[in-house]
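# Tertiary structure, described
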Amino acid sequence: MRQLGTAVVMLARSALGVAMAVILLTSTALAFDPADLKKLKETNECVECDLTDADLADFVLVDANIRRSNLEGVNLQRADLLRANLWGANLKGGNLEDANLSRVNLRGANLINTNLKGANLKRISLKGANLAGSDLRAVTLENANLRYANMERVNLEGANLKGADLFQVNFK
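These figures come from a predicted structure and were not determined experimentally. (Residues numbered from 1 in each chain as written. Predicted model: local features only at pLDDT ≥ 70, side-chain atom pairs only at ≥ 80, totals over all residues. Heavy atoms only, no water.)

## A short note on the confidence of the model for the protein chain
Mean pLDDT for the protein chain: 89, with 83% of residues reaching 70 or above. Low confidence marks residues 15–28, where pLDDT is under 50. Its contacts with residues over four positions away, or in another chain, come to 0 contacts. (pLDDT = per-residue confidence, 0-100. Contact = heavy atoms within 4.5 Å.)

See below:
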């Protein structure tokens, strides 16, 4: 009987160890890569980088090249991304409130459930981008390219769409 009790305790300890390892591995896997953030800061370029959940609020990333990077959950509030290349980037669930995204290339980007409230999106390219469920209240989308974009359940209250190309946009 004593051997059974010892076996149960050992099994419980093993399970606890495995659970702790899983928690540590998942929390690290969900965070951005510090080397990628350093590269972006130093060179203004980070192609196919992992910047998941990075805090880039108020950053100046004018003409930055961040294409095909993972920026899921990123904080770019009030950041200046004038003419940046974010083609094919994943910004799902990010905060870009009051950011300057004028003339940014976000073709084919994932912007599902992204906060873009009050952002400057003049002449932005969102061709084929997925903005489903995003907050675009009070944004400026003057002369923006939204061709083929998915804008299901997007809040456009107070948005300026003057001259925007809305060909084949999905507003369902």
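## Topic: helix 2 (residues 34–43)
When helix 2 is considered as a whole, its buried residues turn out to be D36, L37 and L40. The buried residues of helix 2 occupy an angular sector of 100° when the element is viewed end-on, so they sit on one face. Residues P34 and E42 are exposed on helix 2 and point more than 90 degrees away from its buried face. For helix 2, the capping residue at the N-terminal end is D33, with a side-chain oxygen 2.9 Å from the backbone nitrogen of A35. Following helix 2 by one or two positions, N44 has its phi on the positive side, about 65°. (Buried < 20%, exposed > 50% of the residue type's maximum accessible area, 1.4 Å probe, protein only. Helix = DSSP H or I, 4+ residues; strand = E, 2+ residues; numbered from the N terminus. Arc of directions from axis to C-beta. Polar contact = N/O pair within 3.5 Å; in protein donor to acceptor, adjacent residues only side chain to side chain.)

## Examining the pattern of salt bridges
This model, assessed by the stated rule, comprises 7 salt bridges. A salt bridge links R83 to D63, with the nearest nitrogen and oxygen atoms 2.8 Å apart. In this pair, R83 sits in the segment after helix 2 while D63 sits in the segment after helix 2, placing the two residues 20 residues apart along the sequence. On the basis of relative accessibility, which here comes to 41%, the residue D63 falls in the partly exposed class. (Salt bridge = Lys/Arg side-chain N within 4 Å of Asp/Glu carboxyl O.)

## Observations concerning the state of the cysteines
In total, this model carries 1 disulfide according to the counting rule given. What pairs with C46 in a disulfide is C49, and their sulfur atoms sit 1.8 Å apart. Looking down the S-S bond of the C46 and C49 bridge, the torsion is -95°, so its handedness is left-handed. The pair C46 / C49 is uniform in exposure class, with both members buried. (Disulfide = S-S within 2.5 Å.)

## What about the packing of aromatic side chains?
Overall, the coordinates contain 1 aromatic pair when judged by the stated rule. When the ring of Y148 is compared with that of F167, the centres are 5.6 Å apart and the planes differ by 90°; the resulting orientation is edge-to-face. Here F167 lies in the segment after helix 2 and Y148 lies in the segment after helix 2, a separation of 19 residues in the sequence. (Phe/Tyr/Trp six-rings, centres within 6.5 Å; stacked < 30°, edge-to-face > 60°.)

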